[in-house]
Amino acid sequence: MDDDRAQAKLDQLETVLRRDVATRYTSTGFETIRFAHNALPEVDFAAIDLSCTFLGRKCRAPLLISSMTGGPSRAEAINTTLAEVAQSLGLAFAVGSQRIALETANASGFSKDLRRRAPDVPILANIGAAQLHDWKGVEYLNRAIDMIEADALIIHLNPLQEVLQDNGDRNWKGVLNRIEEAVTALPCPIVVKEIGCGISAAVAVKLNAVGVNIIDIAGAGGTSWAAVVAESASPQKSRNIAETFRDWGIPTAQAIRDARAALPHISLIASGGMRNGLDAAKALRLGANMVGFAGSILEQTLQGRLGLQVQFEAIIEELRVTAFCTGSQNLDQLRQAPLLIDRHC
Ligand SMILES: Cc1cc2nc3c(=O)[nH]c(=O)nc-3n(C[C@H](O)[C@H](O)[C@H](O)COP(=O)(O)O)c2cc1C
């Protein structure tokens, strides 16, 4: 079973890398949002400050390398690359699911070596809601955190993926209670995220009511996990059902707006289909505190540190150009920058 699980993770990573698994008709919604260009910025580009504090640590830009697992055989190389790039650019990073590392003797890729490589930046641990359902106690969650000396624990919600995939977890009764138990018992903050279908305002409010103060809405418009499942599901009937849900979910831009309107004070992470620094700037403008990238950085992540670092340097530069051309000296000003909303949409 563990070998099957490890192989499935590896297959999913290869699928995201080699096949078209983006949503087809659903977009993030960022294309309908435009900043009003400021032809008189009165800003010194060199002095633009994108720094922020996340989980008590200083980041040089409000960017998060989102969770990505490829199973134990790829974990060490992926996590080492992510830790080194995060440290050198001052970004936050989240590891992929630690389930296999927690439940087998194979913990490679999830060790205190990550904290040694990234001593200054926020590191986030990761488990799935399915592991909460199959409750193994708070000690299990603490181990996920201690294993990598994380600053917070992410719990990912992936009901669509679970219901579509073979042997997925279909009983989601009691998950919210488990999240509440985890919030109460753990010494560090809990972050709850989706994986590409979005967290609605109603769900965000329920999470906040049990003590979750950091939410990653992970909306639709990027990687479609229904499309990933459709690539490997069998028989044909299961593939067809998964394909039907390829475009399911709340578009990222809408999910950010709705969550921020419902919960003005939470720490909001925006992810799902982020491609560049302009998308990130729009997400910040709509109310995000941090912006997460996964599918669009996978290829460079697998190439190793250099390529990924160059990609993030470009994302940061794009964010700075957006700040410059909206007359924003820092993130607070970027969050107030005037928008033009495309009236065709
Ligand atoms: C190869 C790959 C593996 C992933 N593994 C995890 C995981 O283990 N845990 C998790 O919470 N999210 C996982 N995700 C989901 C991402 O963190 C993200 O929420 C989702 O892909 C949507 O963002 P995107 O459109 O930028 O890809 C994974 C994504 C990718 C591309």
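Structural data are supplied above this passage.
What comes next is a walk through the structure.

About the cut-offs
Residues numbered from 1 in each chain as written. Predicted model: local features only at pLDDT ≥ 70, side-chain atom pairs only at ≥ 80, totals over all residues. Core = buried A, V, L, I, M, F, W, Y, C linked by C-beta atoms within 7 Å. Buried ≥ 20, exposed ≤ 12 C-beta atoms within 10 Å, placed from the backbone. Contact = placed C-beta atoms within 7 Å. Near = placed C-beta within 6 Å. Helix = DSSP H or I, 4+ residues; strand = E, 2+ residues; numbered from the N terminus. Nonpolar A, V, L, I, M, F, W, Y, C, P; charged D, E, K, R; others polar. Axes fitted to C-alpha atoms, helices over the stretch in contact; angles between N-to-C directions. Parallel < 35°, antiparallel > 145°, perpendicular 65-115°, else oblique. Left-handed = near helix turned anticlockwise from the far one by under 90°. Pairing = 2+ DSSP bridges.

Observations concerning the nonpolar core
Phase 1 of the analysis: By size, the foremost hydrophobic cluster in this structure holds 103 residues, and its most contacted members are Leu91, Phe93, Leu153 and Ile215.
Phase 2 of the analysis: Not counting chain neighbours up to four residues away, the residues in contact with Leu153 comprise Ala125, Ile127, Leu141, Ala144, Ile145, Leu186, Cys188 and Ile190.

Points about the site of the ligand
Phase 1 of the analysis: Neighbouring residues of the ligand: 26 residues in total, closest Gly96, His156, Gly222, Thr223 and Gly295.
Phase 2 of the analysis: Contributions of two or more residues to the shell around the ligand are made by α1 (2-18) and β7 (152-156).
Phase 3 of the analysis: Split into classes, the residues belonging to the shell around the ligand amount to ten nonpolar, 15 polar and one charged.

Some remarks on the packing of helix α13 (residues 277-286) against helix α15 (residues 305-325)
Phase 1 of the analysis: Between α13 and α15, the least distance of the axes is 7 Å, while the angle of their chain directions is 55°. One way to sum up the angle between α13 and α15 is to call them oblique. Of the two elements, α13 crosses α15, and the hand of that crossing is right-handed. Of the residues in α15, those in contact with Gly277, Leu278, Ala280 and Ala281 of α13 are Ile315, Ile316, Glu317, Glu318, Leu319 and Thr322.

Thoughts on the sheet that holds strand β10 (residues 267-270)
Phase 1 of the analysis: Strand order in this closed barrel of eight strands is β4-β5-β6-β7-β8-β9-β10-β11, and the pairing throughout is parallel. Across the sheet, the axes of successive neighbouring strands diverge by a mean angle of 25°, strand direction being ignored.
Phase 2 of the analysis: Note that strand β9 (residues 214-216) and β10 share three bridges and pair parallel. Residue Ile215 lies in a different strand from β10, and its bridge partner there is Leu268.
Phase 3 of the analysis: Each of β4 (63-65) and β5 (92-94) is contacted by helix α2 (residues 72-89), which is oriented at about 165° to β5, the strand it contacts most.

So, unusual backbone geometry
Phase 1 of the analysis: Following Ser234, the chain continues into Pro235 via a peptide bond in cis, with omega recorded as 5°.
Phase 2 of the analysis: Assignment of secondary structure puts Pro235 in the loop between α10 (225-232) and α11 (236-244).
Phase 3 of the analysis: For Leu55, which is not a glycine, the phi torsion comes out positive at approximately 55°.
Phase 4 of the analysis: Relative to the elements of secondary structure, Leu55 occurs in the loop between β2 (52-54) and β3 (57-59).
Phase 5 of the analysis: Phi at Asn167 is positive, roughly 60°, even though this residue is not glycine.
Phase 6 of the analysis: Tracing the sequence through the fold places Asn167 in the loop between α7 (159-164) and α8 (175-185).

What about the pairing of strand β6 (residues 123-128)?
Phase 1 of the analysis: Among the six residues in β6, six count as buried, and that is most of the element.
Phase 2 of the analysis: Here β5 pairs with β6 via two bridges, running parallel. For Phe93, the partnering residue across the bridge sits in β6 and is Ile123.
Phase 3 of the analysis: Sheet analysis places β6 next to β7, joined by five bridges and oriented parallel. Residue Ile127 lies in a different strand from β7, and its bridge partner there is Ile155.

In short, the description is geometric, and any link to function would need to be established separately.
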